[in-house]
Amino acid sequence: MPAGGDMIKLENCLNKAGAEIPLTDEEALFILGLENPLALSMLFSTACALRERYFGRKVFLYGFLYFSTWCRNNCSFCGYRALNSGLARYRKSAAELVNAAVGLRDAGVHLLDMTMGEDPFYCTDQSGEQRLLELVRLIKENTGLPLMISPGTVSREALRLLAEEGVDWYACYQETHNRSLFQRLRPQQDYDLRLSRKKDARQLGFLIEEGILTGVGESLRDIVHSLRVMGELGAEQVRVMSFVPQANTPLAHLPTPPRSRELKIIALMRLLYPQKLIPASLDVDGLAGLKARLEAGANVVTSLIPPRSGLRGVSNSTLDIDEGCRTVQSVSVELARLGLEAAAPEDYVNWLARSRERLPKTG
Ligand code: SAM
Ligand code: MD0
Ligand code: SF4
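Residues numbered from 1 in each chain as written. Chains lettered and ligands numbered in written order. Predicted model: local features only at pLDDT ≥ 70, side-chain atom pairs only at ≥ 80, totals over all residues. Heavy atoms only, no water.

1. Re the site of ligand 3
Lining the immediate environment of ligand 3, one finds Y66, C71, N73, C75, F77, C78, Y80, R81, G117 and R186. One can see that ligand 3 is located within the largest cavity. Here the shell around ligand 3 is composed, by residue class, of 6 nonpolar, 2 polar and 2 charged. (Near = heavy atom within 4 Å. 1 Å grid on protein atoms, 1.4 Å probe; cavity = no way out; pocket = protein on both sides within 12 Å on 5 of 7 lines; lining within 4 Å. Sits in = over half its atoms within 2 Å of the grid points. Nonpolar A, V, L, I, M, F, W, Y, C, P; charged D, E, K, R; others polar.)

Shown next as structure tokens:
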């Protein structure tokens, strides 16, 4: 049982959040520091009530196409970093990708997230940009689904062309908004450039997703600061993923954090931003990790990957894929158990249209 004073403080915070009165930084920090099981279950049920207010029992499902695992960067946390020579890499052919995309569409995903390492083959110069655009066009023509692109820090011009092609979302995660930690996580990358690309994308008419990693040496204050920046950016989708150590990387020996940390951040995001999309990624703990993330207030399941397609994830890059546990079918069974259901395709399309109407008008 937490001390009486803390219980009153918690009830106060949760009442405020329920009334959608903004929490102070100190209140957000207090929430991130909770450990008592009763306090956590109160937190999670408030987060779920807020989710239900705006999304009912409906959850969105995102298919994941990691089409190139080649990367020019050397993020210290990522197995796809350029210096990792111990990795068999791939670039998927257009035919393989269309096949996977159509399979995901037919199974019922609401969106396809086209993700790559920062692979110059697809995007940096004129011809590179052409390859990425051709791939996007092909997937769009063959599926008609809404698209998210996660290409890393590409040029503003590349983003402009992708927007013209009708891509809905630009996902690009800062990982942290503490500049010195950013430099350790993303050495030789420019903090301001990465952040400004998201602002460019917003101006170009994209919806944007911002995200952080947890368990990489950030403080609770850093997390609260990140959540504020996400709000200022106007990101419609905000995420947190627990760091999962990768072989042959500088952070290979850093342990993965206890999951309560990610769950508290998901719940706090929901308290601060009841209307935003918040992913429960299958890429961290597979299907077994879905329940806790949804019960913390997430409302999008990401990283659905077709079995035996040779496509990989990122953090737990092969977990559950070939077993067929990252499919619409398996996820739907789990949703039903939790009293939730996959939204209808038109629900997602309508959500997108409404969100686009709220974008600041430019030009
Ligand atoms: N290359 C692009 C980029 O970096 O923006 C897009 C793909 S990148 C692999 C997508 C995200 O995966 C990263 O921004 C990071 O948040 C996450 N990620 C990478 N390695 C991870 C790890 N070891 N544990 C958890 N998440 C990880
Ligand atoms: C996910 N592994 O959704 C994916 C990835 C990239 N936009 C998303 C981190 O969990
Ligand atoms: Fe490359 Fe993205 Fe991995 Fe960094 S996180 S090494 S940019 S794939």
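2. So, the pairing of strand β2 (residues 111–116)
Counting buried positions along β2 yields 6 of 6 residues, so the element is predominantly enclosed. Sheet analysis places strand β1 (residues 58–68) next to β2, joined by 6 bridges and oriented parallel. Note on β2: the bridge partner recorded for Y62 is L111. In this region the chain leaves β1, passes through helix α4 (residues 94–107) and returns to the parallel neighbour β2; the handedness of that crossover is right-handed. Both β2 and strand β3 (residues 147–150) contribute to a ladder of 4 bridges, which runs parallel. When the bridges of β3 are listed, M114 appears paired with I149. (Buried < 20%, exposed > 50% of the residue type's maximum accessible area, 1.4 Å probe, protein only. Helix = DSSP H or I, 4+ residues; strand = E, 2+ residues; numbered from the N terminus. Pairing = 2+ DSSP bridges. Right-handed = clockwise from strand over helix to strand, strands pointing away.)

3. Some details on helix α14 (residues 345–357)
Over its 13 residues, α14 runs 19 Å from end to end, which matches the ideal 18 Å to within 8%, given 1.5 Å per residue. Where α14 is concerned, the buried positions are Y348, W351, L352 and S355. Along the axis of α14, the buried residues cluster in a sector spanning 100°; they form a single face. Of the surrounding secondary structure, the elements contacted by the buried residues of α14 are α3 (37–55), β1, β2, β4 (169–171) and β5 (207–214). (Expected span 1.5 Å × (residues − 1). Arc of directions from axis to C-beta. Contact = heavy atoms within 4.5 Å.)

4. Structural notes on empty space enclosed by the protein
A probe matching the size of a water molecule, rolled over the atoms, marks out where space remains unfilled. The tally for this structure, following the rule as stated, stands at 2 cavities of 30 Å³ or more. Size it by volume and the largest cavity reaches roughly 710 Å³. Along the wall of the largest cavity there are 42 residues; nearest its centre are Y66, Y173, E175, R186 and V314. Listed by contribution, the elements that provide at least two residues to the lining of the largest cavity are β1, β2, β5, β6 (237–242) and β8 (300–304). When residues in the lining of the largest cavity are grouped by element, the largest group, 4 residues, is from β1. Taken together, the residues of the lining of the largest cavity break down into 19 nonpolar, 15 polar and 8 charged. Its volume calculated, the second largest cavity comes out at about 30 Å³. Around the second largest cavity, the lining residues are E175, T176, I212, L213, E218, D222, I223 and S226. (Points joined across faces, edges and corners; volume = space filled by probe spheres on them.)

5. Re unusual backbone geometry
Of note, the phi angle at N248 is positive, near 60°, even though the residue is not glycine. One non-glycine residue, D320, lies in the positive phi region at around 70°. By the element assignment, D320 lies in the loop between β8 and α13 (328–337). Residue D320 is classed as buried on the basis of its relative accessible area, which comes to 16%.

6. Concerning the site of ligand 2
F64, D113, T115, S150, Y173, R239, M241, S281, D283, T302, S303 and V314 make up every residue found near ligand 2. At 2.8 Å, a side-chain N or O of S150 approaches a nitrogen atom of ligand 2. The side chain of D283 places a nitrogen or oxygen atom 3.0 Å from a nitrogen atom of ligand 2. Out of a free accessible area of 300 Å², ligand 2 has 96% covered by protein chains. When atom positions are compared with the pocket grids, ligand 2 is found to occupy the largest cavity. Where the shell around ligand 2 is concerned, the elements lending two or more residues are β2, β6 and β8. Taken together, the residues of the shell around ligand 2 break down into 4 nonpolar, 5 polar and 3 charged. (Polar contact = N/O pair within 3.5 Å; in protein donor to acceptor, adjacent residues only side chain to side chain. Areas by Shrake-Rupley, 256 points an atom, 1.4 Å probe, with all protein chains shown as cover.)

7. A closer look at the environment of D222
Relative to the helices and strands, D222 resides in helix α9 (residues 220–233). Between the C-alpha atoms of D222 and S155, which are 67 residues apart in sequence, the distance is 28 Å. At 3.0 Å, the side chain of D222 forms a polar contact with the backbone nitrogen of S219.

8. Concerning the layout of surface pockets
Taken as a whole, the largest pocket spans an internal volume of roughly 260 Å³. In terms of lining, the largest pocket is formed by 15 residues, of which the most central are A235, E236, Q275, K276 and R358. Partitioned by chemical class, the residues of the lining of the largest pocket number 7 nonpolar, 3 polar and 5 charged. As a volume, the second largest pocket reaches approximately 200 Å³.

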